Amino acid sequence: AALEGVVEYRNVTFAYPGAESPVLSNISFTARPGETVAIIGSTGAGKTSLLSLLPRLYDIAEGEVLLDGVPVSDLDRAEITKRVAMVPQRPYLFSGTIEHNLRFGKTEATDQELWDALQIAQGEDFVRAKKNGLNARIAQGGTNVSGGQRQRLCIARALVTRPKVYLFDDSFSALDVATDARLRAALKRTTADATVIIVAQRITTITDADQILVLDNGRIVDRGTHEELLETSPTYQEIVES
Ligand code: CTP
Ligand code: MG
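Residues numbered from 1 in each chain as written. Chains lettered and ligands numbered in written order. Predicted model: local features only at pLDDT ≥ 70, side-chain atom pairs only at ≥ 80, totals over all residues. Heavy atoms only, no water.

Below, the discussion takes up unusual backbone geometry. Most peptide bonds take the trans configuration, and most residues that are not glycine carry a negative phi. Located in the positive-phi region is Q122, a residue other than glycine, with phi close to 60°. The topology assignment puts Q122 in the loop between α4 (111-120) and α5 (124-128). The phi torsion at R162 lies on the positive side, around 45°, for a residue other than glycine. Summarising the element assignment, R162 is placed in the loop between α6 (147-160) and β9 (165-169). (Helix = DSSP H or I, 4+ residues; strand = E, 2+ residues; numbered from the N terminus.)

Structure (structure tokens):
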């Protein structure tokens, strides 16, 4: 049980259905429980595509994506979503209450679990401030909450499922620096035993990652810790300076 949540990409090459050339080439890395792996790279580098292969949004042509040693192609979607939660780059909310939105994926969660998740996601205050609290209504597409509130609700939704693996796709970009810092400190405690893979734009979000993968044009061009990459990777230096 101690090893639950091991993610391994082994020589993964991936092209979107119908596309001629791959958007990811020869991707290999391992992320273990207790670790944070960060992925950075310019727009269109393939970061979202890379994440989407773990929950099997697409099947790959070459290589293997393994979850606890089993190719995800041998697991059904329900089995994967029990262990893997992805906070998508464009977080979506349904029309319905905040509670409905948070319970999506785990209907049996208690109200206390929902509040705990909101507290970690820095969403407790704005939900408490609403007249109906958890029963406050979300408009279709989440248009009556701000972008940052939408992100925090989607992070809380992921926390409610208590996954072994968290995938955060640029999930902190709409937050101000202070909220981002508080949220990540709280997340760090909660996800201490989980595997975390995080795509980020803001360098401060990933400086303490155990491993940073620098993605360029669908390839991992450099990897290491923040300090290592500052020494060795011109591509990383460019990103840091931009
Ligand atoms: N792509 C595609 N079909 C999709 C999604 C993406 O052909 N359904 C292509 C994009 O046009 C891009 C490449 O795949 O050339 C990588 O896209 P993506 O993984 O979304 O790149 P990101 O690194 O996530 O870019 P961003 O920072 O803008 O989110
Ligand atoms: Mg993306």
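This paragraph deals with the pairing of strand β3 (residues 36-40). Extensive coverage of β3 is indicated by the burial of four of its five residues. Relative to strand β10 (residues 195-199), β3 runs parallel, the two sharing four bridges. Each residue of the ladder has a partner; that of T36, found in β10, is V196. Pairing of β3 with strand β11 (residues 211-216), which is carried by four bridges, proceeds in the parallel orientation. Across the sheet, the residue bridging to I39 is L213, located in β11. (Buried < 20%, exposed > 50% of the residue type's maximum accessible area, 1.4 Å probe, protein only. Pairing = 2+ DSSP bridges.)

Further remarks concern the packing of aromatic side chains. All chains considered together, the criterion is met by eight aromatic pairs. When the centroid spacing of 4.9 Å and the interplanar angle of 90° are considered together, the rings of Y16 and Y58 count as edge-to-face. With Y16 in the loop between β1 (7-14) and β2 (24-31) and Y58 in the loop between α1 (47-52) and β4 (62-67), this pair connects stretches of sequence that are 42 residues apart. Classification of Y16 as partly exposed rests on a relative accessible area of 27%. Looking at Y58, the relative accessible area reads 31%, which means it is partly exposed. Among the aromatic residues, ring-to-ring pairing joins F14, Y16 and Y58 into one connected group. (Phe/Tyr/Trp six-rings, centres within 6.5 Å; stacked < 30°, edge-to-face > 60°.)

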